Amino acid sequence: MAMLLSIPIGSTLLIVFVNSIRKFPGLGLPEILKNHTPNWIRIPFMIYFLSIWFVAGMITVISFSEITKKYINPDISSMVIAFAFICIIGLIARLRSDTILYSMEILIIMNVPFVLWVLYKAVTNNSMNYDACMEIVSHIWNVPTWDTFAAGTYIFTGYTNLVIFNRLMGTAKKMPFLWTIPIVGSCVLATSFLIPVGFHGTMNVNAYIYPWISTSDSMRVEFGLVERVLFIFMYLYTNISLAGSFIHWHVCLEFVKELMPRIKDKSYFSWIVIGVMGLTTYLFSYLFNDQTLYQTGVYFLNIRFASEIALVVTMFMLARRKKQ
Amino acid sequence: MKKLVIILILICLCSACGFKDIDRRFFVVAIGIDKSEKKDTKYRLTLKLAVPGNNIDMGTAKFELVTQDGNSITDCVRLLKSKVDKELDFGHSKIAIFGQSLLKENISETTDWLNRRRDIQLVSWLAAGSPSAEAVLGTEVAHERLPGNALLLSFGKTGVESGYIISEYLFDFYRKKKELGLDPIIPIIQASNKHYTINTSLVFDKERSKLALNMDETRLFNIMKGNLNKVEIATPYHDSKFFISVDNLRSKYRVYAPSNQRPYANIDIRMRGVIEETFTHLDANELAAYENAVEKTHSEAMSKLLVKFQKENLDPMGFGLNYRAHHFGKVEEEWHTWQALYPELEFHVNIQMKLEGIGVIK
């Protein structure tokens, strides 16, 4: 039920936001705020949102260093892995916005065929039990909770990065192919939710901490490049998630730059910001264990959903005011 | 300069990893867990370690068997580590075998270790070993190329395809242990002098093994579940017999619970094949009669097997899950109604046999 509702809600937020921000061609959110709101609103607003973006990247990095430690090299400390990830993400996040978009594009083109292959292997697998999926679908009328909404709409949340990347989107009023996103999003949501259920059953899917990793471990491709799909899946999963986190950190960095306009063009400035972000992440990765990380993730998703609505409403109002 | 510093930092990372070289590890290829014969210990763990050789010809597979008694599997592994000189690596273990005596007790403790360890593949096979897991692992197969490979090729459909072999993955077993309306079933491997026999199976309720299936029942179950592509079936016909080699098999089932009559399950099976052997004269014009004979005898035998499951209140086919999938309602309510329904359930097995011919001789 929450899933079903989160598709229209997520898509509505998406379309409202994109259409509003397109009213300001070539401008990012910091510039828009500067032109249309007083300083005492603008600065707290930006500080709040930059911390949200930073935490989004941080949680991904920490959880992936844990996962990598668990499944790929258990003999290494997760701090070392976190450090390596932070280095790479930090280096990418301080590049120019258009370079980031190009690298994102390359990553997507390289990964999507493999993702489709894994999905194909999953749905045609003998162990995939469609009765279990149907059983879950038959509980569609369960009352949704805020948690599930927050998780469901997270699929669509990528559009919020337009707050910075709108600067590069040219002057065209309409965004092409916007209608594909709800469709692709609902497919992603359905597969990512139902395939683990099909593999691990309706009762047991909760028993796994990382349902999708265990699902990919449950697939065997005898004549594939690697017999265990787990490793291919880990590669893809890490790739795409880290791509997400360097985008988040880039947005965060740009926000900080706009907050301190006087020194933003100094060459050491972005290094310092990235260094602070990396150091914070590194310290937090020391503090979290599996359980607290999971809890923080849930809290973060909930807060994010609320702030996302706030962001969209603000954007919508700004666009209306501009028209008047 | 800047680049050099970064490269230096990244190089520092390399020294920190604790990766052990391949020649400092023992690869466990199979895990066997038995009930301990000693009084004060619970389990007897047997590990089959691959001994690397420099050529992979037929019959050169060497292995080492190490065993240890202990009160928990972790204990056993810990004690075993003091017996071997290299680090044990479970990442390549593709089969876990339980001794039959152990399976009669509660198995949730035993399988916990396998599922909880992150490095044991969820796609490893599960089987019961008879007389014991240790005996199964100790069997030396003359033509084996890689240690433990003969057992692995028996499962899945990579090697032999036999109607008597049920293949069960570790994750599948774990799922069925918890799922309401779907019970686990695993094959029994019998070790004899130089080879294995896998043609029977064990059905579990949620805790322990309940029912052993004999050869024919195992094969019928496999056909009903649609696990196979190829199977040979025998059919009595006019005091004699003929045998069919089926090369295409499909099966599906669905549970119906109409309000004013007894609930029933429809099992539809479609098979195509040719006659392989006969003890009587066959006429190519009478294929329809032969098809009828197959359909009749087999649907009776299958109904009988299903009734046997029903009497034991076991459900390895997953009728309960199928019922739950097609009914809306709270999980507990659905499950209670199903438990009341299952003893009443009637089975309608519809087989559609399509014979393509009577072989290459008349």
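As the structure is a prediction and not an experimental result, all values here were calculated from the model. (Residues numbered from 1 in each chain as written. Chains lettered and ligands numbered in written order. Predicted model: local features only at pLDDT ≥ 70, side-chain atom pairs only at ≥ 80, totals over all residues. Heavy atoms only, no water.)

Participant: Tell me about the overall build of chain A, and name the residues and values.
Facilitator: Regarding its fold elements, chain A presents 13 helices and zero strands. When the helices and strands of chain A are placed in sequence order, the string is α-α-α-α-α-α-α-α-α-α-α-α-α. Per-residue burial over chain A gives 49% buried out of 324 residues. Contacts spanning at least 24 positions in sequence make up 81% of the contacts within chain A whose residues lie at least 6 apart. Working note: accessible area of chain A is about 15,600 Å², and carbon and sulfur atoms make up 71% of it. For chain A, the separation between the mean place of its 23 positive charges and that of its 16 negative charges on side chains is 16 Å. (Helix = DSSP H or I, 4+ residues; strand = E, 2+ residues; numbered from the N terminus. Buried < 20%, exposed > 50% of the residue type's maximum accessible area, 1.4 Å probe, protein only. Contact = heavy atoms within 4.5 Å. Areas by Shrake-Rupley, 256 points an atom, 1.4 Å probe, with all protein chains shown as cover. Lys, Arg positive; Asp, Glu negative; His and termini not counted. Charge placed at Lys NZ, Arg CZ, Asp CG, Glu CD.)

Participant: Tell me what's going on with the packing of helix α3 (residues 39-71) of chain A against helix α4 (residues 78-93) of chain A, and back it up with residues and numbers.
Facilitator: Residue and element names in this part refer to chain A. Close contact between α3 and α4 brings their axes to 9 Å; oriented N to C, the two are set at 130 degrees. As judged from the angle between their axes, α3 and α4 are oblique. In this structure, α3 crosses over α4, and the sense of that crossing is right-handed. Together, Val-61, Phe-64, Ser-65, Glu-66, Thr-68 and Lys-69 of α3 and Ser-78, Ile-81, Ala-82, Phe-85, Ile-86 and Ile-89 of α4 make up the contact between the two elements. (Axes fitted to C-alpha atoms, helices over the stretch in contact; angles between N-to-C directions. Parallel < 35°, antiparallel > 145°, perpendicular 65-115°, else oblique. Left-handed = near helix turned anticlockwise from the far one by under 90°.)

Participant: Tell me about the UniProt feature "transmembrane region" (unreviewed entry) in chain A, and name the residues and values.
Facilitator: All names here are of chain A. When the UniProt feature table is mapped onto this chain numbering, "transmembrane region" (unreviewed entry) sits at residues 44-64, 76-93, 99-120, 177-199, 229-256, 268-287 and 299-319. Between the C-alpha atoms that bound residues 44-64 the distance is 30 Å, and the span itself is 100% helix and 0% strand. The span residues 299-319 carries 100% helix and 0% strand; its end-to-end C-alpha distance comes to 30 Å. (UniProt positions renumbered as here; feature names shortened; annotations may be inferred.)

Participant: Requested: an account of the pairing of strand β12 (residues 264-278) of chain B, with residues and values cited.
Facilitator: Both faces of the sheet carry side chains from a regular strand, because those side chains alternate between them. With 14 bridges joining them, strand β11 (residues 240-256) of chain B and β12(B) adopt antiparallel strand pairing. Considered in β12(B), the bridge of Ile244(B) is made with Ile275(B). (Pairing = 2+ DSSP bridges.)

Participant: For the nonpolar core, give the residues involved together with the corresponding values.
Facilitator: Counting 100 residues, the largest nonpolar core has Phe17(A), Val163(A), Phe255(A) and Ile189(B) as its most contacted members. Per element, the largest residue contribution to this core is 16 residues, and it comes from helix α11 (residues 229-259) of chain A. Discounting residues that sit within four places of it in the chain, Val163(A) has contacts with Phe17(A), Ile21(A), Gly28(A), Leu29(A), Pro30(A), Trp53(A), Val251(A), Phe255(A) and Leu311(A). (Core = buried A, V, L, I, M, F, W, Y, C linked by side-chain atoms within 4.5 Å.)

Participant: With reference to specific residues and values, describe the sheet that holds β11(B).
Facilitator: Residues and elements named next belong to chain B. The mixed open sheet is built from four strands, whose spatial order is β10-β11-β12-β13. Single-partner strands in this sheet number two, and they are β10 (231-237) and β13 (346-357). In this sheet, neighbouring strand axes are inclined to one another by 40 degrees on average, regardless of whether the strands run parallel or antiparallel. Inspection of the sheet shows β12 paired to β13 by 11 bridges, in the parallel sense. Bridge pairing in β13 places Ala-265 opposite Phe-347. This element, helix α8 (residues 215-225), spans β10, β11 and β12 of the sheet and lies at about 110 degrees to β10.

Participant: Could you give me a rundown of a nonpolar patch on the surface, with the residues and numbers involved?
Facilitator: Residues and elements named next belong to chain A. Together, Trp-146, Ile-309, Val-313, Phe-316 and Met-317 make up a nonpolar patch on the protein surface, roughly 460 Å² of accessible area in all. Ranked by the residues each element gives to the nonpolar patch, the list is headed by helix α13 (residues 290-323), at four residues. In this fold, Met-317 is placed in helix α13. (Patch = residues over 30% accessible without salt bridge, like charges linked within 9 Å, V, L, I, M, F, W, Y side chains within 5 Å. Salt bridge = Lys/Arg side-chain N within 4 Å of Asp/Glu carboxyl O.)

Participant: Describe the UniProt feature "domain: Spore germination GerAC-like C-terminal" (unreviewed entry) in chain B, listing the residues and the values that go with them.
Facilitator: Cross-referencing UniProt, the feature "domain: Spore germination GerAC-like C-terminal" (unreviewed entry) maps to residues 202-359 of chain B in the present numbering. Secondary structure content for residues 202-359 of chain B is 35% helix and 37% strand, and the end C-alpha separation is 35 Å.

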